[in-house]
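If you want the building blocks of each chain, they are given just below.
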Amino acid sequence: MVSVKSFCLIRFFAILAGISLAATASASVLSGIVHDPSGKPKANVFVTAQNGARKLAVTVLSDGAGRYRIDDLFPGQYELRARMSGFGDGVAIDVALGERDGMANLKLTADTADRKTTPGAAWLNALSNEPIKATFVTSCTICHDLASPLTRAPRSAEGWKEIVNKMRAQNDVYSVIVQTDDDKLSAWVAAQKFGARPAPFDAFAKGANVATKARLSEYAVGDVTSWAHDMAVDPRTGVAWVGDYVRDELIAVDPRTGEQKVYPAPVKGTGMHTLNFDREGYLWITFQLADKVARFDTRKGEWRVYEGLAKGTLVHSFALDSEGLVKRNAEGRITLSQFGGNRISLLDPASGDLKEVALPGSANGRPYGIAVDSRGTIWYTKYSENLMGFVDPASGQGKEWAMPRPDSGPHRMHIDNDDNLWIPLSGYGTILRYNTRSGARSEFALPDADAFPYAARYDAKSNRVWVTGNGGNAIYALDPATGKATTFRLPSLLSYGRMISIDYSTGDVWTALSSYPNKHALRDHGLLLRVHRALDLVR
Ligand code: HEC
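Nothing here was measured: the structure is a model prediction, and the numbers come from that model.

J.: With reference to specific residues and values, describe the domain arrangement of the protein chain.
T.: Each assigned domain of the protein chain is listed with its residue range as follows: domain 1 (7-107) and domain 2 (216-537). Across the contact, 14 residues belong to domain 1 and 14 residues belong to domain 2. Across the domain 1-domain 2 interface, the total number found is 0 salt bridges. Linking domain 1 to domain 2 there are 4 residue pairs in polar contact (both at pLDDT 80 or more).

Have a look at this one:
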């Protein structure tokens, strides 16, 4: 936060001399009222209390009378921010919270010049609804949230062509940009005049089922160079683990204190991508750029690195069970997708032996989402080729076919206990349910048009499909019975959530917010997001 815009501090407590990161018995409450620029109390405003020393920010929403209340804060020095789309931030800096409670009122400003609060979905919503829009969304939102002013700066057709060429040549090691007529795509984007002001985004529109009682914590990790790509919560300890794709570091965040511990990777150039725990308590990590898989013992701090994957494999994801833990097949092997290899690998964790299963389709195929059904059949999607399919690992027989709609961008899927695949379609902002036994399918719209969902995670306990809905800065909990969703609004711009991790001991839902590079997300670090007791808040 850079400036004091408008604030009124009613009570002010002595600044603590030093901060110990240990949890203290005394926790304090910060409360107050948020006003609009004319001085009227304002509902549904994000109020964020940021504790720089702990790299922790806690957010709640103001109620119908503009009141907010943040419980359980550590004593310390805070920056407070009120934020709502359509207004400028109201900020209070140097709010010192002692062991007694504090109060501070905040006022939004009329200054909307920077439009920092307009989410990516609103910018995409302003584009004309032609088939080529899905090509653009699928190709570019896989890395960018279009709320980034760096990404959507207006350009001529030649200018956009230059950018598309640059992206293909420089950044697209994963070949996720759709093969298309680049002249046509560039001319279309230029004609959309991205610089124009999009329609206001009403995050609390009538009928929107927003979880207004949610408490959100964000933990800053790494630095400006980081790509904190994916995270997983340890089901035994509640500690959140995140891999830094660029800095080759595994970071543990204790949610009770915000304390962080960094474990360097045992090899360089890892490209730490996906993290998931297994039933034995080990943390599994794909080293995407190093063509390796690692297993980390969080209790002993010891690594085991599995070799044997071919160069350029771009090992991607683990097949998960319905609780989000790494799944074992009948032989005790774990199942991994090879994004760069058109293969699936079956790894024996004890011996390290690898079996490889070739997928149908082109040898250049790129499996992305992966799941194993109750019969042991492996299911997959191919993002940029817009395909889905299956393979039987015993016989090697399989089949693949086009997704129901063009350029749908099938992202990271999950399978439920009834063998339904839940596939996020980023090109259309929808979730496809595909029953692997019958082939029956239905598509569910997410509450925000033009959200580009990344990952779906079915949860039997809440009977919801949890979805990171990028562009809308949201996490959605979709109810398969009604097709309706509860929306958790997120306070950070360009949230870009990845895989969902659920802590069943608390009901908290977690993800990593990892728009990349950080400078495009207007941040100088990576972020972990925790929605407290989210499982209890779905309706
Ligand atoms: C695989 C990831 C990836 C994909 C896909 C991708 N980009 Fe990028 N993009 C990046 C990265 C990384 C940078 C930052 C490059 C830098 O700073 O040198 C970037 C930078 C940009 C910039 C900033 C200008 C510049 O020259 O650095 C624009 C504009 C942009 N991308 C547009 C697009 C568009 C349009 C698409 C879709 C056709 C797209 N990108 C697809 C990763 C990607």
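Still more to cover.
J.: Can you explain the packing of helix 4 (residues 157-171) against helix 5 (residues 182-191)? Please cite residues and give values.
T.: Running from N to C, helix 4 and helix 5 point in directions that differ by 125°, and their axes come no closer than 8 Å. Taken together, helix 4 and helix 5 sit at an angle that is classed as oblique. For the pair helix 4 and helix 5, the crossing hand works out as right-handed. Residues Ala-157, Trp-160, Lys-161, Val-164, Asn-165 and Arg-168 of helix 4 form the contact with helix 5, whose own contacting residues are Asp-182, Asp-183, Ser-186, Ala-187, Val-189 and Ala-190. For the contact of helix 4 with helix 5, a count of residues per class yields 6 nonpolar, 2 polar and 4 charged.

J.: Break down the site of the ligand for me, citing the residues and quoting the values.
T.: Within the structure, the ligand sits among 21 residues, and Cys-140, Cys-143, His-144, Lys-166 and Met-167 are positioned closest to it. The contact in question runs from a nitrogen atom of the ligand to an N or O atom on the side chain of His-144, over 2.7 Å. Between the ligand and the protein, one listed contact pairs an oxygen atom with a side-chain N or O atom of Gln-170 at 3.4 Å. For the shell around the ligand, the secondary structure elements donating two or more residues are helix 2 (131-140), helix 3 (149-152) and helix 4. For the shell around the ligand, the element with the highest residue contribution is helix 4, accounting for 6 residues.

J.: Lay out the pairing of strand 21 (residues 354-358) with the relevant residues and their values.
T.: Where strand 20 (residues 343-347) meets strand 21, 5 bridges bridge the pair, whose relative direction is antiparallel. Looking at the pairing, Ser-345 lines up with Glu-356 of strand 21. Turn length for the strand 20-strand 21 hairpin, with the two strands adjacent in sequence and antiparallel, is 6 residues, and the turn residue Gly-352 shows positive phi of about 85°.

J.: Account for the nonpolar core, with residues named and values stated.
T.: Side chains of a nonpolar character, in soluble globular proteins, are inclined to be buried together. Within the largest apolar cluster, 43 residues are counted, with the highest numbers of intra-cluster contacts made by Phe-136, Phe-194, Trp-284, Val-293 and Phe-318. Secondary-structure elements contributing two or more residues to this core are helix 1 (120-125), helix 2, helix 5, strand 18 (315-318), strand 19 (334-338) and strand 30 (452-459). No other element matches the 4 residues that helix 5 contributes to this core. Here Phe-136 is in contact with Leu-124, Leu-127, Thr-141, Leu-146, Leu-185, Trp-188, Val-189 and Phe-194, once residues within four sequence places are set aside.

J.: Requested: an account of helix 4, with residues and values cited.
T.: Compared with an ideal rise of 1.5 Å per residue, which puts 15 residues at 21 Å, helix 4 spans 20 Å between its outermost C-alpha atoms and is within 8% of the ideal. When we look at burial in helix 4, the residues that qualify are Gly-159, Trp-160, Val-164 and Met-167. Summarising the axial view, the buried residues of helix 4 lie within an arc of 140°, below the 170-degree limit, and thus occupy one face. Exposed side of helix 4, more than 90 degrees from the buried face: Glu-158, Glu-162, Ala-169 and Gln-170 are the residues found there.

J.: So what about helix 5? Which residues, and what values?
T.: All of the buried residues in helix 5 are Asp-182, Leu-185, Ser-186, Trp-188, Val-189 and Ala-190. Its buried side turned inward, helix 5 meets helix 2 and helix 4. N-capping of helix 5 is provided by Asp-181, with a side-chain oxygen placed 3.0 Å from the backbone N of Asp-183. Looking at the residues trailing helix 5, positive phi occurs at Lys-193, about 50°.

J.: Describe the sheet that holds strand 20, with residues and values.
T.: Within the open sheet, the 4 strands sit side by side as 18-19-20-21. Their pairing is antiparallel. The open sheet has two edge strands, strand 18 and strand 21, and neither has a second partner. Mean inter-strand twist for the sheet, computed between neighbouring axes without regard to direction, equals 30°. In this structure, strand 19 lies alongside strand 20, joined through 5 bridges in antiparallel fashion. Its bridge partner lying in strand 20, Thr-335 is registered against Leu-346.

Here is what the cut-offs are and how they apply
- Residues numbered from 1 in each chain as written.
- Predicted model: local features only at pLDDT ≥ 70, side-chain atom pairs only at ≥ 80, totals over all residues.
- Heavy atoms only, no water.
- Domains from an automatic or database assignment.
- Contact = heavy atoms within 4.5 Å.
- Salt bridge = Lys/Arg side-chain N within 4 Å of Asp/Glu carboxyl O.
- Polar contact = N/O pair within 3.5 Å; in protein donor to acceptor, adjacent residues only side chain to side chain.
- Axes fitted to C-alpha atoms, helices over the stretch in contact; angles between N-to-C directions.
- Helix = DSSP H or I, 4+ residues; strand = E, 2+ residues; numbered from the N terminus.
- Parallel < 35°, antiparallel > 145°, perpendicular 65-115°, else oblique.
- Left-handed = near helix turned anticlockwise from the far one by under 90°.
- Nonpolar A, V, L, I, M, F, W, Y, C, P; charged D, E, K, R; others polar.
- Near = heavy atom within 4 Å.
- Pairing = 2+ DSSP bridges.
- Core = buried A, V, L, I, M, F, W, Y, C linked by side-chain atoms within 4.5 Å.
- Buried < 20%, exposed > 50% of the residue type's maximum accessible area, 1.4 Å probe, protein only.
- Expected span 1.5 Å × (residues − 1).
- Arc of directions from axis to C-beta.

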